[in-house]
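# A closer look at the structure
The chain contents come next:
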Amino acid sequence: MTYMQNLRFGTSLSFYRKIDRDTLRNLKDVGISTVELSFDYDYYMNQIDFSKNWLEYSKIAQEENVELWSIHLPFSSYLDISNMDHELRAISICTNRNLIEAAGKAGVKIVVLHPSSEPITDEERYERLCLSHEAIKFLNTECEKYRMKLTIENLPRTCLCNRSSEMIELLKDTGAGIVFDTNHSLIENNVSFLSALIDSGLKIHSLHISDYDFVDERHRLPGDGLNNWHEIFSQLERAGYNGPLLYEVSRQPKERDEISLSQLIENMKKLSAGEI
């Protein structure tokens, strides 16, 4: 088997925007055995009250034989660990800490965190980097309590970590690793970005796989965009990445028809086989 064929199939639950038994069962039935919890604040905290009900969802996943691999912490212009409004920043950090605790108890292995929201001006960038760095260090210690790995996501446009050099500098001495999104690099190409991260010694712990046009994020299926998948996976193999082939594809990508579950799994099979 090739390197890519050894990676298990996974998807972000942002594809469905919910978690329940039927959703996990449907995914498992087609061969997707690994998921990322990825919801907004209202869904996590109000609709399912994950901080209180983590055991229920952990049991459902175990019964359906689906791995709760990662949790994507909620983000918005308010839920931002680099927010210069210190009250809002404190709320963001507290929310993240509560969800990390619940996810750790549920057996989740990876925590996905955005280093900022946007827009960020040049004048405020340094202060936002300092605030983000401080919060990442703190939240990494929270993850370590539950033997979880904190991963920071590369982001597009004016967000922090929109270039490899900034991401490398931000994560120094934090203990955090990387979740690499193949749909976010707008300043440098994905292969160069990923190669620089690997060369710096940062660990790639998880992925967000989707394709795009290099103009803006699109969250389309691999092959419906410009990514060079063979070169991307060559870098991941060099890094020793052995996590899931985890997709973060929109069910209704911009300017595209709705994607079905059968289309999603068929695309995973083609990407894994090196046919894309």
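So, how was this worked out
- Residues numbered from 1 in each chain as written.
- Predicted model: local features only at pLDDT ≥ 70, side-chain atom pairs only at ≥ 80, totals over all residues.
- Heavy atoms only, no water.
- Salt bridge = Lys/Arg side-chain N within 4 Å of Asp/Glu carboxyl O.
- Helix = DSSP H or I, 4+ residues; strand = E, 2+ residues; numbered from the N terminus.
- Buried < 20%, exposed > 50% of the residue type's maximum accessible area, 1.4 Å probe, protein only.
- 1 Å grid on protein atoms, 1.4 Å probe; cavity = no way out; pocket = protein on both sides within 12 Å on 5 of 7 lines; lining within 4 Å.
- Points joined across faces, edges and corners; volume = space filled by probe spheres on them.
- Nonpolar A, V, L, I, M, F, W, Y, C, P; charged D, E, K, R; others polar.

For the rest of this paragraph, the subject is the pattern of salt bridges. A complete count under the given rule lists 22 salt bridges for this structure. As a salt-bridge pair, Glu118 and Arg157 come within 2.6 Å of each other at their nearest N and O atoms. With Glu118 in the loop between strand 4 (110-113) and helix 5 (122-145) and Arg157 in the loop between strand 5 (149-153) and helix 6 (164-170), this residue pair connects regions lying 39 residues apart in the sequence. Two residues, Arg256 and Asp224, come together in a salt bridge whose shortest N-O distance is 2.7 Å. Taken together, the residues span a long stretch of sequence, with Arg256 in the loop between strand 8 (245-247) and helix 9 (261-272) and Asp224 in the loop between strand 7 (204-208) and helix 8 (229-239) at a distance of 32 residues. Overall, the relative accessible area of 27% leaves Asp224 in the partly exposed class. Because the salt bridges share partners, they merge into one network encompassing Arg21, Arg25, Glu63 and Glu64.

Rolling a probe over the atoms, with the probe sized like a water molecule, indicates the empty space that remains. Of the voids in this model, the largest pocket is the one considered here, and its volume is about 710 Å³. Taken together, 29 residues make up the lining of the largest pocket; nearest its centre are Ser14, Ser38, Phe75, His219 and Glu248. In the lining of the largest pocket, the residues fall into 9 nonpolar, 12 polar and 8 charged. Class assignment of the residues belonging to the lining of the second largest pocket gives a composition of 7 nonpolar, 5 polar and 3 charged.

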